[in-house]
Amino acid sequence: PTSAQVSAVPQPGRFRYTLDNDVLTTEQRQFYEDNGYLLIKKLVSDEDIERFRKEFVRICKKEVKPMGAMIMKNESLRSQYGQSENVVNKVQDFQEDEELFRYCTLPEVLKYVECFTGPNIMAMHTMLINKLPDSDKQTFLHPMHQDLHYFPFRPADLIVCSWTAMERAHQDNGCLIVQPGTHKETLKPHGYPKWEGKTNKLFHGLLDEDEKSPRVHLVMEKGDTVFFHPLLIHGSGINKTSGFRKSISCHFASSECYYIDVKNTTQEDLEKELIEIAHKKYNVSSVELRVRLGYMPFFCHLGQFPFIRL
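An unreviewed UniProt entry lists the protein under the name Phytanoyl-CoA dioxygenase, peroxisomal, with Centropus unirufus as the source organism. The record held by UniProt for the protein lists under Pathway (unreviewed entry) the comment "Lipid metabolism; fatty acid metabolism." Reading the Sequence similarities (unreviewed entry) entry of the UniProt record for the protein gives the comment "Belongs to the PhyH family."

We now examine the nonpolar core. One broad rule of soluble globular proteins: the nonpolar side chains tend to lie buried together. Ranked by size, the top nonpolar core spans 35 residues in total, and within it Tyr-103, Val-109, Phe-227 and Phe-252 carry the most contacts. Looking at this core, the elements that each hand over two or more residues are β1 (37-40), α2 (46-60), β3 (88-92), α5 (107-117), β4 (121-131) and β14 (245-254). By residue number, the principal contributor to this core is α5, which donates 6 residues. One finds Leu-148, Leu-231, Cys-257 and Leu-274 within the second-largest nonpolar core, a separate group that totals 14 residues.

Okay, α2 next. Between the first and last C-alpha of α2 there are 21 Å, a value that for 15 residues agrees with the 21 Å anticipated at 1.5 Å per step. Three or more residues of α2 are buried, namely Asp-48, Ile-49, Phe-52, Glu-55, Phe-56, Val-57, Ile-59 and Cys-60. Once α2 finishes, Lys-62 follows within two positions and takes phi at roughly 65°, a positive value.

Pairing in this open sheet of 7 strands is antiparallel, and the strands run β1-β12-β7-β14-β4-β3-β2 from one edge to the other. Two strands lie at the open edges of the sheet, namely β1 and β2 (70-73), each paired on one side alone. Across the sheet, the axes of successive neighbouring strands diverge by a mean angle of 15°, strand direction being ignored. In this sheet, strand β12 (residues 225-228) lies alongside strand β7 (residues 159-165) in antiparallel orientation, the contact comprising 4 bridges.

Two numbers describe a pair of aromatic rings. These are the distance of the centres and the angle of the planes. Scanning the model with the defined rule gives 7 aromatic pairs in all. Consider the rings of Phe-153 and Tyr-259, whose centres lie 6.1 Å apart with planes at 75°: the pair is edge-to-face. Here Tyr-259 lies in strand β15 (residues 258-259) and Phe-153 lies in strand β6 (residues 153-154), a separation of 106 residues in the sequence. By relative accessible area, which is 1% here, Phe-153 ends up buried.

Each value, and the rule that gives it
- Residues numbered from 1 in each chain as written.
- Predicted model: local features only at pLDDT ≥ 70, side-chain atom pairs only at ≥ 80, totals over all residues.
- Heavy atoms only, no water.
- UniProt positions renumbered as here; feature names shortened; annotations may be inferred.
- Core = buried A, V, L, I, M, F, W, Y, C linked by side-chain atoms within 4.5 Å.
- Buried < 20%, exposed > 50% of the residue type's maximum accessible area, 1.4 Å probe, protein only.
- Helix = DSSP H or I, 4+ residues; strand = E, 2+ residues; numbered from the N terminus.
- Expected span 1.5 Å × (residues − 1).
- Pairing = 2+ DSSP bridges.
- Axes fitted to C-alpha atoms, helices over the stretch in contact; angles between N-to-C directions.
- Phe/Tyr/Trp six-rings, centres within 6.5 Å; stacked < 30°, edge-to-face > 60°.

Here you go:
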């Protein structure tokens, strides 16, 4: 348990997506119920964000190498910038990095997380994203998607993402874009968008996107944190500026969540693709996907692998 006294049962007939406690106001609860996200201003301190930024730079320079973390880079920039934050666009699965994992234990974050998951919380997936300056190639654009596509566990209503801006996020540097109210819909088929030019590996998007659905660009200041439902349709644009757009995030879930077999579901093709990637990456003939309880179990959002037995 963290800061609040929580009832694990939503109020019948009124609140489905939030739990009874003394943290959220009625207006905040209703906003999340209606829209599928909630923005809390200046939740994370400048001091903490600076510590996360410094650790990220240390990882970029290979001064520290967190076990199990996937460091994603734009290799085409390495000859120009070497090992620096000008090259690394994401540190994924940083649970073994004590400094970055502090984000997942911040009392001010968990205080809100338990409003959606209840008091027994698991950190399921972690990312520090450094959206690099981009071009018309759309290298770091992510199409509109639902996070649940990547997660083989349920129920969706007991999962929430906490996403904190490490510097000002706005339309020019690729802030989050959300479609309010879409958390009330089902999980939709995902795949690679039919764009001209580059599409990124495992950056899946909706196959049948409603272009007319209202969208909100979440302009956020440093330390602002948005909590959103895993079925909420969202994405992000490219960074048209000369600077970076950093954010740190974690998907949390209730310990009551359970795992599902994705065969014969809309997630089956993702599983097949992950197996193919594992074959190539590890050069083995037999790959078995397993979920191991208690060890950050997930399909691994945006390119990471689930627990793989070789």
